[in-house]
Amino acid sequence: MRMEAGEAAPPAGAGGRAAGGWGKWVRLNVGGTVFLTTRQTLCREQKSFLSRLCQGEELQSDRDETGAYLIDRDPTYFGPILNFLRHGKLVLDKDMAEEGVLEEAEFYNIGPLIRIIKDRMEEKDYTVTQVPPKHVYRVLQCQEEELTQMVSTMSDGWRFEQLVTIGSSYNYGSEDQAEFLCVVSKELYSAPNGLSSESSRKSKLLQARGTRM
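Under an unreviewed UniProt entry, the protein has the name BTB/POZ domain-containing protein KCTD17 and belongs to Echinops telfairi.

Structure follows, in structure tokens:
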């Protein structure tokens, strides 16, 4: 039997109902497991099945030999639901499936809990389905004297892959200037909507250099 600590249990056989009115304590027999809680806890979500049950509205429920309300649901997932009604937080054991708690929360019609679980599940789905990074390559053409400047602009995740000499095509004064092809790469991560993260100012500058072929 599961009971709230620090409180005395009501006499058996009444389901928490005292003579001449409704008592403070309520017994619930969920799938063969007895839970003991207060009427105030069950009535925290007024539109829920549990609130309507303990207030004696149009819902009808059989009782066991102790007077506990019989509810034909899985007791494994009822504990987190009852605790949520007690303190407003969703606390799950590491091996407990959120889908199971969600199914019960929907049955008992506990709106805030349903939203919390769905938000958690969506967050996990986002993490699992995140698109792997794409490797983007750029081929940049530069002169020998520009290599130092090229190195200084290598930031924001860009890195050198290969440097290829393509000869001395330019002559300035009495000196030949060697030409190079510089291959660089970067990992781009895609957002859930399929759009890649925006390049920063320096990476745009680096990409612009690739137009000189």
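That was the structure; now back to the text.
Engineer: Would you explain the nonpolar core in this entry?
Structural biologist: The nonpolar side chains of a soluble globular protein tend to be buried with one another. Counting 29 residues, the largest nonpolar core has Leu28, Leu50, Ile71, Phe78, Tyr108, Leu113 and Ile117 as its most contacted members. Those elements that provide at least two residues to this core are β2 (25-30), α2 (49-54), β4 (69-71), α3 (78-87), α4 (98-108) and α5 (111-129). Residue contributions to this core peak at five residues, all from α3. Ignoring sequence-local partners within four residues, the contact set of Ile71 consists of Leu28, Asn29, Val30, Gly31, Phe49, Leu50, Leu53, Phe107 and Tyr108. If you look at the next biggest cluster of nonpolar residues, it comprises ten residues, including Leu140, Cys142, Ala178 and Phe180.

Engineer: Just to check I follow, could you spell out α3 for this structure?
Structural biologist: Residues separated by three or four positions in an α-helix point in the same direction, a consequence of the helix having 3.6 residues per turn. Counting buried residues in α3 gives seven out of ten residues, a clear majority hidden from the surface. Once α3 finishes, Gly88 follows within two positions and takes phi at roughly 75°, a positive value.

Engineer: Help me out: how do you make sense of the pattern of salt bridges in this one?
Structural biologist: Proximity of charged atoms lets side chains of opposite charge pair with each other. Scanning the model with the defined rule gives four salt bridges in all. Among the salt bridges present, the one from Glu98 reaches Arg120, with a minimum N-O distance of 3.8 Å. In this pair, Glu98 sits in helix α4 while Arg120 sits in helix α5, placing the two residues 22 residues apart along the sequence. Its relative accessible area of 9% is what places Glu98 among the buried residues. Between Glu161 and Arg159 there is a salt bridge whose closest N-O contact spans 3.2 Å. When salt bridges that share partners are traced, they join Glu98, Arg120 and Lys124 into one network.

Parameters at a glance
Residues numbered from 1 in each chain as written. Predicted model: local features only at pLDDT ≥ 70, side-chain atom pairs only at ≥ 80, totals over all residues. Heavy atoms only, no water. Core = buried A, V, L, I, M, F, W, Y, C linked by side-chain atoms within 4.5 Å. Buried < 20%, exposed > 50% of the residue type's maximum accessible area, 1.4 Å probe, protein only. Helix = DSSP H or I, 4+ residues; strand = E, 2+ residues; numbered from the N terminus. Contact = heavy atoms within 4.5 Å. Salt bridge = Lys/Arg side-chain N within 4 Å of Asp/Glu carboxyl O.

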